[in-house]
Amino acid sequence: MTSSNPLYASAFVCNTFRSVWKVMTNWHISKKVLSMQILFTGFEALSIILFSGLAIGSIIIIYFLGLLSQLGADQLMYKILIVIITRELGPILTAFIIIARSGTAIATELGTMVAHHEIEAYIATGIDPMTYLVAPRFLGVTFSLFLLNIYFNFAGLIGSFFVSYLFTDITFHDYFTNVTSVLKASDLILSAVKSLVFGIIISLVSTYNGLRVENALTEIPQVAIKAVSVSFMLCIVVNLMMTFYSYF
């Protein structure tokens, strides 16, 4: 397989960012690949993100509602929802779903193209694989994860509202008034930054590992597993670092 030393990885990252800039200034270069990546990563993941958000919001409100009512701290519930859903679970769970769906797909697809010598065909015809294959996937995954994180947050809060309504008869207006009263700009910024960073990590790791295949098709499952495991690990570590920094 292609070298995986730090210098090679650093060169790959730098080359990716140069290619991303080229694509952003000339959308026609790879707009079809970018559109398909957004369709697969973003649009086709809406249903599972909706289900996950509704489920997580419902579980959180069920778990804490009775406990906080006994302690006479009902208003603390809304702060807990913002912290758990918006700041923490929204970005990281969305990232995990994208890793499982798109991370494996990208690594497998690019690995198959390398094994079938399609990358060599692109180069022979004067097409830069980094600009045509890597950069659109980078942009598509990052942009989609950012939007899906917002979607997850709304789904989570709506799920928690429905459960709250069943147990307390709270109105929609009162519920979201209480939520917005504790929501801070820093919560939204942290959530957005996390989603963007996770998108960058997933796209870079997946494309890098996919292109590490040399010739054998048996290498493809290996790079797919590597892409998933490394993406999970990096997202968790970065999430811990950003959360720690935001609080301390």
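This structure is a prediction, so every number in the text was calculated from the model and none was measured. (Residues numbered from 1 in each chain as written. Predicted model: local features only at pLDDT ≥ 70, side-chain atom pairs only at ≥ 80, totals over all residues. Heavy atoms only, no water.)

**Some words on the overall build of the protein**
Line of reasoning, step 1. Along the protein, the regular secondary structure elements total 9 helices and 0 strands.
Line of reasoning, step 2. With the principal axes as the frame, the protein shows a C-alpha extent of 70 × 35 × 30 Å.
Line of reasoning, step 3. Looking at the protein as a whole, 46% of its 248 residues qualify as buried.
Line of reasoning, step 4. Total accessible area computed for the protein in this model is approximately 12,500 Å², and 73% of it derives from carbon and sulfur atoms.
Line of reasoning, step 5. Once the 12 positive and 12 negative side-chain charges of the protein are each reduced to a mean point, those two points are 7 Å apart. (Helix = DSSP H or I, 4+ residues; strand = E, 2+ residues; numbered from the N terminus. Buried < 20%, exposed > 50% of the residue type's maximum accessible area, 1.4 Å probe, protein only. Areas by Shrake-Rupley, 256 points an atom, 1.4 Å probe, with all protein chains shown as cover. Lys, Arg positive; Asp, Glu negative; His and termini not counted. Charge placed at Lys NZ, Arg CZ, Asp CG, Glu CD.)

**Description of the packing of aromatic side chains**
Line of reasoning, step 1. One pass over the structure, following the stated rule, counts 14 aromatic pairs.
Line of reasoning, step 2. Relative to F64, the ring of Y63 lies with its centre 5.0 Å away and its plane at 80 degrees, an arrangement referred to as edge-to-face.
Line of reasoning, step 3. Grouping aromatic residues by their ring pairs yields a cluster made of Y78, F161, F162, Y165, F172, Y175 and F176.
Line of reasoning, step 4. Between the NZ or CZ atom of R87 and the centre of the ring of Y247, over which it lies, the distance is 4.8 Å.
Line of reasoning, step 5. The ring centre of F40 lies 4.6 Å from the NZ or CZ of R101, which sits over that ring. (Phe/Tyr/Trp six-rings, centres within 6.5 Å; stacked < 30°, edge-to-face > 60°. Lys NZ or Arg CZ within 6 Å of the ring centre and 35° of its normal.)

**Some thoughts on the pattern of salt bridges**
Line of reasoning, step 1. A complete count under the given rule lists 4 salt bridges for this structure.
Line of reasoning, step 2. Notably, a salt bridge pairs R87 with D187, separated by 2.5 Å at the nearest N-O pair. Of the two residues, R87 is situated in helix α4 (residues 76–115) and D187 in helix α8 (residues 185–210); the sequence distance between them amounts to 100 residues.
Line of reasoning, step 3. Among the ionic pairs, R137 bridges to E109, the shortest N-O distance being 3.0 Å. Residue R137 is located in helix α6 (residues 129–168), and its partner E109 is located in helix α4; the two are separated by 28 residues in the primary sequence.
Line of reasoning, step 4. Its relative accessible area of 5% is what places R137 among the buried residues. (Salt bridge = Lys/Arg side-chain N within 4 Å of Asp/Glu carboxyl O.)

**Section: the nonpolar core**
Line of reasoning, step 1. Counting 60 residues, the largest nonpolar core has L81, Y175, I202 and C235 as its most contacted members.
Line of reasoning, step 2. In terms of residues, this core owes the most to one element, α4, which gives 16 residues. (Core = buried A, V, L, I, M, F, W, Y, C linked by side-chain atoms within 4.5 Å.)

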